[in-house]
Amino acid sequence: MPKQNLSNYIKFFNQINDLEQKGLITSKQKHLLKVNLTTKEYQLNNLICAIYDEQDYQSAILQYLRTIEPQPKIRYQSSGENDSPIRQRRRGNSLSRVSQFNESKLIAQLDELNDQLMNLWQSDSQFYLNQEINEKLRKVGEFITKTATSTPSNSQKQVTNITDSNQVIENLSQLYKDMKQHFNDYLRCHLLLMDDKLSTEHLNNVLRAFMKNLVDADEISFIYNNEIYSSENGQFNEINLTDQQKLEIQSILEGNVIEISETYPEIASLFQTNKFKRNYLLKIQNSTCLFCFHSKVEHKIIIESFLSLCNEYQFFEEVNQLAQFLLETLKQARVQCFNPLQLSHMIQDIGIAFIRCSKYFFIHKSISILSERYKVCKDNTSFISMHPFVEFDFRDSLNLSIHICFDLNKKEDMNVYKQLNLSFNKYLKFIKQCYDRTTFYKFFVKSQDSLIFEFDKQGQITFVSQPITSKLAEEFNINFNPQFYNASYTSIFKNKSLIQHIENQLQDQNKWKLTDSNATYEVFMKMEEKYFKGFFVIFQQGWFRYNQKSLDANQWQKLRKSFLQQETRQYLDKLEQKHPQLKNSVVQMFKPKATQKQSQFKNFSPSFSPRHLDQRNSLQESESIRLIPKTKGINHFYPDMITETCIENIDNFEFNILPYSADWLEKQKVVFSILRRNNFIEDYKISEDALCSFLCALEYKYNKRGNQFHNYDHGVTVMQCTHAISLEIMKTQYAHLLSQFTKFALILSGLCHDVSHTGRTNIFEINSLSNLAIRYHDRSVLEQHHAATSIKLLCAPATNIIPNFTSSEFREFRKLFISNILYTDITEHFNLMKNFEARIKELNFGTEDDIKLMTGMIIHTSDFTGGAKPFKLSREWSTRVNMEFQEQYSLEGKFGYPQLPYMKDLDQLPIMAKSEVGFFKFIVRPLWSIMSKFAEDRLQQSVDNLEQTIVEWEKLMIN
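Everything numeric in this text was worked out from a predicted model, so none of it was measured.

Definitions and limits used
Residues numbered from 1 in each chain as written. Predicted model: local features only at pLDDT ≥ 70, side-chain atom pairs only at ≥ 80, totals over all residues. Heavy atoms only, no water. Pairing = 2+ DSSP bridges. Helix = DSSP H or I, 4+ residues; strand = E, 2+ residues; numbered from the N terminus. 1 Å grid on protein atoms, 1.4 Å probe; cavity = no way out; pocket = protein on both sides within 12 Å on 5 of 7 lines; lining within 4 Å. Points joined across faces, edges and corners; volume = space filled by probe spheres on them. Nonpolar A, V, L, I, M, F, W, Y, C, P; charged D, E, K, R; others polar. Buried < 20%, exposed > 50% of the residue type's maximum accessible area, 1.4 Å probe, protein only. Contact = heavy atoms within 4.5 Å. Disulfide = S-S within 2.5 Å. pLDDT = per-residue confidence, 0-100. Salt bridge = Lys/Arg side-chain N within 4 Å of Asp/Glu carboxyl O.

### Points about the sheet that holds strand 7 (residues 376-377)
Each strand in a sheet pairs with its neighbour through backbone hydrogen bonds, running either in the same direction (parallel) or in the opposite one (antiparallel).
Working step 1: Ordered in space as 7-9-8, the 3 strands form an open sheet in which the pairing is antiparallel. Looking at strand neighbours, the two that pair on one side only are strand 7 and strand 8 (390-393), the edges of this open sheet.
Working step 2: As paired elements, strand 8 and strand 9 (residues 401-404) share 4 bridges and run antiparallel to each other. Note on strand 9: the bridge partner recorded for E391 is H403.

Put into structure tokens, the structure is as follows:
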């Protein structure tokens, strides 16, 4: 007999599935084919081992079915004299014969038959019955039914008991199968997230599928921060609660899930519960949010009414976690780009928690099934029975057990008991398998260097580790659509060589791993208890393709930097594909210089033509008019004028410099206070006279052009923010990375980072061929100018505040100081974030370069501290910087330089609001969010402020 292999096995299942979907075979015929395959029927075995193309294969299967299906039997009535007469069995004689049997012997024989059928039914291995056995079982069943209706009452009762117990057994077995199938399907939900073009609308559909599979909820609503959200329309709307509504909300107990009824008419009206059959309400813990799950109950699913068991079986924490996740996800989707991998990771965590809780639903349904035939009591303390009973312990942390009126001396009761025990233990094993799978999935979701596909034993997709970008699809010849849950590897992979590798792997089960040294993929078998369960295909990406040992440190760093820059470009391309409005927004200023689109400058080529020199001279003259003379601009002060004063919020993120704007001395007191609180003056023996001179000169250079935003107020604010972030990091695991020396360079560079700012952007300096652009060769023009101006002050005898540094200490300080200021170049924004995110995930984070990266992130984040204040204050800082943009736009028009479209009409509130929404949503909030996570969520209040700021700007954008 030809030998079947797993490749043919998978191919056969794919073909019969396809035939069923096309309507060419029935589910009964499909089952018959599976049975004959399992029993290794000779003709079918030959068929699946033969080689056919798809059409021939399916035709052969249909032909095989025609040969094996039974033909209808035709009964001919004989008319010949020699034919045997048809014998009639009279009912009377039959009954008289049966009555002569020993009744107890008949019962024993029926019990034996029942035991054999039960052993067959409860077998762990897949057992398929052939057509002949199925037909005989059907006839036996019909005969039992007929006998039960015609035998004396006592015998009828015995047969009925057996039939009833068999139905209970079947229901318990089916419960296990249905629950397992349901949550296996749920584990595929994450595939919906693996869409490279995942939109907000698509996200809502993913969350809807997620809720339906976990708790049978079709929609959700919630009230949070004077807004109400409904997933039906996906909108947040402002709401003013009435006193009666507030009273009803206050009456809801925390820590419980409540089914909304007539008791809460006002809440029911708010959430429009009349549209749904069931509505479950809860207050999210540690939040002001009132959350509601809605269920239409249009289609029956196995976990229907799962939430109604929450209080009885005490899994409120899991429901609360789910509600919290949905709330935070929808809030974040509103204010920033969402990360599919991050969502996938959280969905896996919440999903396994609910799969664990599903055992309570299994218990609840089991009790319901048993109660149809037996007396069952859950309240063990009050259980009293005159009949035999059994206590069944579910071995749970809640000490759940039930009493069942079983008589285990009766075989039918013993069989039911065995099936209950078997089904429950198998389901507990399934939960453990789900946990193991989820742990595996979470590990690979974290990996950005491998692309993992998992397939089940039928070759259908069950897991993908990351969204398939167009570049990945092209590179590895992949055709993946997240909407198709049951796609096979042959439809996903178009690489014939790869498919051949998979086929080879499946043909040899003993060879668990197949690698090709020239390929970028590996194939692994998935085995459980020596049974084939599927396989993985793993693609290697990025620098993991390279052998690190063969590269020296410099080569490795260059290679790593190259891949990070490539990742940044891919991220930005993807961002603009999803949000086309960003192509003409302020976000363009933050793109790496190499990726900025220069189409708007294609007709502009600065040169030293006489006309351009005239323009340049004219611009310099107009800029010089802005300068404030030193005699009027320098505010001299002395150490004895700096008295100890209490400065409000000096150590936290609520600090506000604006009340001190008109009082230059108070601002200098803020600087002195920060330096003293960090012991810099004492530790580095700083002369207070030199410090006063340094700060006088610094303030003048900041304010000499009268900039609305880039002035001394901004410098002091950034200094204070670096101080506040440093204090928070000193409470984390990274405290050892912030030495006193590093902190001093960081906080002082925060103060100096924009000194002598022109009030223009680097693009303007380059296009106008300014002296600074010429001096610094168009590279980080202003940032190099700020660093050089500061170092000059520190080198001048009168303003040198660090004369006690040794030569090596000064050089090290200067290196850190300049590095920090250069990181404030906004064109380094995305590279900085990507590099920082990548490094903090690595085990060896903490090198000298990492410390520079960390302080660069701190000062870059602090540069946007104005926006991270509460909205009223944040709006003031936004207004100031937009005034500088407006002035630059006018100058660009006046002198014929390219005008940046996102600087136009910023005096109009809706246009300015639209610009600010993009700025905060795609630039500032992600930056602060990364910094907050690094600081162990200690900057969360600032992140919350930014989210509220985005919401407020969106309102102004619409009005």
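That covers the picture; the talk isn't over yet.
### Quick notes on the sheet that holds strand 1 (residues 219-224)
Working step 1: One open sheet holds the 6 strands; their spatial order is 3-2-1-6-5-4, and the pairing between them is antiparallel. Looking at which strands have only one partner, the edges of the open sheet turn out to be strand 3 (235-238) and strand 4 (258-259).
Working step 2: With 6 bridges joining them, strand 5 (residues 278-283) and strand 6 (residues 290-295) adopt antiparallel strand pairing. Looking at the pairing, K283 lines up with L290 of strand 6.

### Structural notes on empty space enclosed by the protein
Working step 1: A complete count under the given rule lists 1 cavity of 30 Å³ or more for this structure.
Working step 2: Put simply, the largest cavity is a space of about 50 Å³.
Working step 3: In terms of lining, the largest cavity is formed by N204, L207, R208, M211, I220, Y229, S231, L326 and L330.
Working step 4: When contributions to the lining of the largest cavity are tallied by element, the ones reaching two or more residues are helix 9 (200-215) and helix 13 (316-335).
Working step 5: Per-element accounting of the lining of the largest cavity gives the leading share, 4 residues, to helix 9.
Working step 6: Along the lines of polarity and charge, the residues of the lining of the largest cavity split into 6 nonpolar, 2 polar and 1 charged.

### Digging into the environment of E312
Working step 1: On the secondary structure map, E312 appears in helix 12 (residues 310-313).
Working step 2: With relative accessibility at 42%, the residue E312 sits in the partly exposed group.
Working step 3: It is 9.5 Å that separates the C-alpha atoms of E312 and Y360, two residues lying 48 residues apart in sequence.

### Side note on the side chain of H202
Working step 1: Along the chain, H202 falls in helix 9.
Working step 2: Among the residues examined, H202 registers a relative accessible area of 11% and is labelled buried.
Working step 3: For H202, the residues in contact, after removing those within four places along its chain, are L192, D195 and Q483.

### Remarks on unusual backbone geometry
Working step 1: Positive phi is not limited to glycine here, since N225 has a value of about 50°.
Working step 2: The residue N225 is located in the loop between strand 1 and strand 2 (227-230) in this model.
Working step 3: Owing to a relative accessible area of 45%, N225 belongs among the partly exposed residues under this scheme.
Working step 4: Of note in the backbone geometry, D905 takes a positive phi value of approximately 60° without being a glycine.
Working step 5: Along the chain, D905 turns up in the loop between helix 33 (871-895) and helix 34 (909-934).

### A word on the pairing of strand 2
Working step 1: In strand 2, alternate side chains face the same way, and those of E227 and Y229 on one face and I228 and S230 on the other are all buried.
Working step 2: Relative to strand 2, strand 1 runs antiparallel, the two being bridged by 4 bridges. Across the sheet, residue S221 finds its bridge partner in strand 2, namely S230.
Working step 3: Remark: 2 residues form the turn of the hairpin made by strand 1 and strand 2, two consecutive strands paired antiparallel; N225 in that turn has positive phi of roughly 50°.
Working step 4: Examined bridge by bridge, strand 2 and strand 3 share 4 bridges and lie antiparallel to one another. Pairing of E227 across the sheet is with E238, part of strand 3.

### Some remarks on the state of the cysteines
Working step 1: Counted according to the given criterion, the structure contains 0 disulfides.
Working step 2: Lacking any disulfide linkage, C377 is separated from the closest cysteine sulfur, that of C405, by 8.9 Å.
Working step 3: Take C377: its relative accessible area is 15%, and that puts it in the buried class.

### Observations concerning the confidence of the model for the protein chain
It should be kept in mind that the predicted coordinates are not to be read in detail where pLDDT is low.
Working step 1: In the predicted model, the protein chain carries a mean pLDDT of 81, and 78% of its residues have values of at least 70.
Working step 2: This stretch, residues 72-101, has a pLDDT under 50; its non-local contacts, to residues over four places away or in other chains, come to 2 contacts.
Working step 3: Within the model, pLDDT remains below 50 along residues 510-517, and this stretch shows 17 contacts once partners closer than five positions in the same chain are excluded.

### What about the pairing of strand 11 (residues 461-464)?
Each regular strand shows side chains that alternate between the opposite faces of the sheet.
Working step 1: The pairing of strand 10 (residues 450-456) with strand 11 spans 3 bridges and is classified as antiparallel. In the sheet register, E454 faces strand 11, and the bridge partner there is F463.
Working step 2: Joining the antiparallel neighbours strand 10 and strand 11 is a turn of 4 residues, in which G459 adopts a positive phi near 80°.

### A closer look at the pattern of salt bridges
Note on pairing: side chains with opposite charge can pair once their charged atoms come close.
Working step 1: Counted under the stated rule, the structure contains 24 salt bridges.
Working step 2: A salt bridge links E238 to K955; the nearest nitrogen and oxygen atoms lie 2.9 Å apart. Of this pair, E238 sits in strand 3 while K955 sits in helix 35 (residues 940-958); the two residues are 717 residues apart in sequence, bridging distant segments of the chain.
Working step 3: Given the relative accessible area of 57%, E238 is considered exposed.
Working step 4: K667 is paired through a salt bridge with D713; the nearest N and O atoms lie 2.8 Å apart. In this pair, K667 is assigned in helix 22 (residues 664-677) and D713 in helix 25 (residues 712-729), connecting sequence segments 46 residues apart. For the pair K667 and D713, one class covers both residues: buried.

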